[in-house]
Amino acid sequence: MDRFDLTGRTALVTGAARGLGRAFAIALAEAGAGLVLTDLPGTADLEVTAARIEALGRPVHVLPQDLSRTGELRGFADRVRAAGPVHILVNNAGVAALERFNEITPESWYRVMRVNLDAVFFLSQRIAEHMAADRVAGRIINITSKNALVAEAGLAHYNASKAAVDLLTQTLAVELAPHGITVNSIAPGMVHTPIDGEFPFDREAFEAAYRERIPLGRYADPEECTGALLLLASDAGAYLTGTRIVVDGGVLADQMPRTRFMPPYRSTLTTETTETTETTETSETTETTE
Ligand SMILES: NC(=O)c1ccc[n+]([C@@H]2O[C@H](COP(=O)([O-])OP(=O)(O)OC[C@H]3O[C@@H](n4cnc5c(N)ncnc54)[C@H](O)[C@@H]3O)[C@@H](O)[C@H]2O)c1
């Protein structure tokens, strides 16, 4: 387990006030890292995350920044570095809007692109320069989405931004490899966070319908994405670069939920018991299904 230990390293996590960003920051602190947390100025919940890190006894700095102001990101990265070298950058902050393709305004398109893509590029550019100059074994981890790989209606800008970050991840991985910096992405599926809080839809009905499409049968909690993060952030993942870890409960593995239309189980694999060794293929007791 020593290979997952992050003692003495510093991680910058964007969008750290809530949701996945908060879970990532806490997991990194639990593994021993010090943290620099950022989110939109005036986001009170950023202090809540900071308090959780402090309670773990790790150093934490809070530096609010509107990441959509891409012209400010060099200066922001330099202020982060003033607190010490950054070893791990987690580009987590993201925004989404549920809008039909033909109704997306230039304002909405560029808002999503600036936060989800442009900020990832410009922040990574400056932080990578620092990592190389500080000769740290840097780790850049971009939080994309299953929507980087398969489209979802009503999210043209979001899907495009995440797919772009996916290829950006590969490109940076190749360009930064000579500097000992790895670059990877995590593509979550459906996670319980406030991200779709402003979507004009019935959240509960949508979740109930979506659950049917998820082989594991449920949304993830943010903490369930932290294992992938700790692997990519630590020495345990030193040979991983230019790749992605999909954390989606199996959604992308299944093009159609066919099992719902199949006949009941005949085999020893039932949904009702784990004592499969005591059953046979012909046993009536195993002919159960949901
Ligand atoms: N929740 C999901 O189901 C899901 C699925 C796949 C991918 N993701 C991705 O995970 C990441 C985190 O999402 P989440 O679900 O925790 O969302 P969230 O909305 O709960 O958190 C996102 C954070 O980013 C911050 N942020 C937004 N715009 C910003 C800006 N201009 N400058 C600085 N900070 C800004 C927000 O204030 C917020 O704290 C996002 O990139 C999202 O696209 C989420």
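Reading the values: rules and limits
- Residues numbered from 1 in each chain as written.
- Predicted model: local features only at pLDDT ≥ 70, side-chain atom pairs only at ≥ 80, totals over all residues.
- Heavy atoms only, no water.
- Helix = DSSP H or I, 4+ residues; strand = E, 2+ residues; numbered from the N terminus.
- Rg over C-alpha atoms; globule rule 2.2 N^0.38 Å.
- Buried < 20%, exposed > 50% of the residue type's maximum accessible area, 1.4 Å probe, protein only.
- pLDDT = per-residue confidence, 0-100.
- Contact = heavy atoms within 4.5 Å.
- 1 Å grid on protein atoms, 1.4 Å probe; cavity = no way out; pocket = protein on both sides within 12 Å on 5 of 7 lines; lining within 4 Å.
- Points joined across faces, edges and corners; volume = space filled by probe spheres on them.
- Expected span 1.5 Å × (residues − 1).
- Bend = angle between axes of the 7 residues up to and from the residue.
- Pairing = 2+ DSSP bridges.
- Right-handed = clockwise from strand over helix to strand, strands pointing away.
- Core = buried A, V, L, I, M, F, W, Y, C linked by side-chain atoms within 4.5 Å.
- Axes fitted to C-alpha atoms, helices over the stretch in contact; angles between N-to-C directions.
- Domains from an automatic or database assignment.
- Salt bridge = Lys/Arg side-chain N within 4 Å of Asp/Glu carboxyl O.

## Quick notes on the overall build of the chain
Inference 1: On a plain count of helices and strands, the chain comes out with seven helices and seven strands.
Inference 2: The secondary structure elements of the chain, listed N-terminal to C-terminal, are β-α-β-α-β-α-β-α-β-α-β-α-α-β.
Inference 3: The C-alpha radius of gyration computed for the chain amounts to 21 Å, which stays within 12% of the reference 19 Å derived for 290 residues, consistent with globular compactness.
Inference 4: Seen along its three principal axes, the alpha-carbon backbone of the chain occupies a region of about 70 × 50 × 35 Å.

## Focus on unusual backbone geometry
Inference 1: With a phi close to 50°, R135 is a non-glycine residue in the positive phi region.
Inference 2: When you line up the elements, R135 lands in the loop between helix 4 (106-133) and strand 5 (139-143).
Inference 3: By relative accessible area, which is 77% here, R135 ends up exposed.

## Observations concerning the confidence of the model for the chain
As a general rule, the predicted coordinates of low-pLDDT regions are not to be interpreted in detail.
Inference 1: Taken as a whole, the chain shows an average pLDDT of 92; of its residues, 93% reach a score of 70 or greater.
Inference 2: Counting interchain partners and residues more than four positions distant, the pLDDT-below-50 stretch residues 275-290 has 22 contacts.

## A closer look at empty space enclosed by the protein
Inference 1: According to the stated counting rule, one finds two cavities of 30 Å³ or more in the structure shown.
Inference 2: Looking at the largest cavity, its volume works out to about 40 Å³.
Inference 3: Considering the residues around the largest cavity, the lining is formed by T14, L67, N91, N92, A93, V115, A119, V120 and L123.
Inference 4: The element best represented in the lining of the largest cavity is helix 4, accounting for four residues.
Inference 5: Taken as a whole, the second largest cavity holds about 40 Å³ of empty space.

## What to know about helix 4
Inference 1: Here helix 4 spans 38 Å end to end across 28 residues, near enough to the 40 Å set by a 1.5 Å rise per residue.
Inference 2: The principal kink in helix 4, of about 45°, is found at R114.
Inference 3: Directly beyond the C-terminal end of helix 4, a positive phi value near 50° is found at R135.

## Some thoughts on the pairing of strand 1 (residues 10-14)
Inference 1: Taken across its five residues, strand 1 has four buried, putting it largely inside the fold.
Inference 2: As paired strands, strand 1 and strand 2 (residues 34-38) are joined by five bridges and run parallel to one another. Its bridge partner lying in strand 2, L12 is registered against V36.
Inference 3: In terms of handedness, the path from strand 1 via helix 1 (residues 19-30) over to strand 2 forms a crossover that is right-handed.
Inference 4: Relative to strand 4 (residues 88-91), strand 1 runs parallel, the two being bridged by three bridges.

## Some details on the nonpolar core
Inference 1: Counting residues in each nonpolar core, the largest one holds 32 residues, and the members touching the most others are L28, L35 and L37.
Inference 2: Of all the elements in the fold, those that place two or more residues in this core are strand 1, helix 1, strand 2, helix 2 (45-55), strand 4, strand 5 and helix 7 (226-233).
Inference 3: Here this core takes six residues from helix 1, the largest share from any one element.
Inference 4: If near-sequence neighbours (up to four positions away) are discounted, L37 is found in contact with V13, A16, A25, L46, T49, A50, I53, V60, H61, V62 and L63.
Inference 5: One finds V36, A93, M131 and I181 within the second-largest nonpolar core, a separate group that totals 28 residues.

## Some remarks on the sheet that holds strand 5
Inference 1: In spatial order, the strands read 3-2-1-4-5-6-7; together these seven strands make up an open sheet with parallel pairing. At either margin of the open sheet sits one strand with a lone partner, and together these are strand 3 (60-62) and strand 7 (244-247). Put simply, the sheet's adjacent strands are angled 15° from each other on average, direction ignored.
Inference 2: Its contacts with the sheet place helix 7 against strand 4, strand 5, strand 6 (182-188) and strand 7, and it is angled at close to 175° to strand 6.

## Some thoughts on the domain arrangement of the chain
Inference 1: Domain annotation of the chain identifies domain 1 (2-255) and domain 2 (257-290).
Inference 2: Each of domain 1 and domain 2 was reduced to a C-alpha centroid, and the two centroids are 40 Å apart.

## Here we look at the environment of T182
Inference 1: For T182, the position within the fold is in strand 6.
Inference 2: Sequence spacing of T182 and M256 is 74 residues, and the spatial spacing of their C-alpha atoms is 35 Å.

## With respect to the pattern of salt bridges
Inference 1: Under the defined criterion, the tally for this structure stands at twelve salt bridges.
Inference 2: Linking R126 and D78 is a salt bridge whose minimum nitrogen-to-oxygen distance equals 2.8 Å. You can see R126 sitting in helix 4 and its partner D78 sitting in helix 3 (residues 73-82), a full 48 residues away along the chain.
Inference 3: Accessibility expressed as a relative area gives 31% for D78, which makes it partly exposed.

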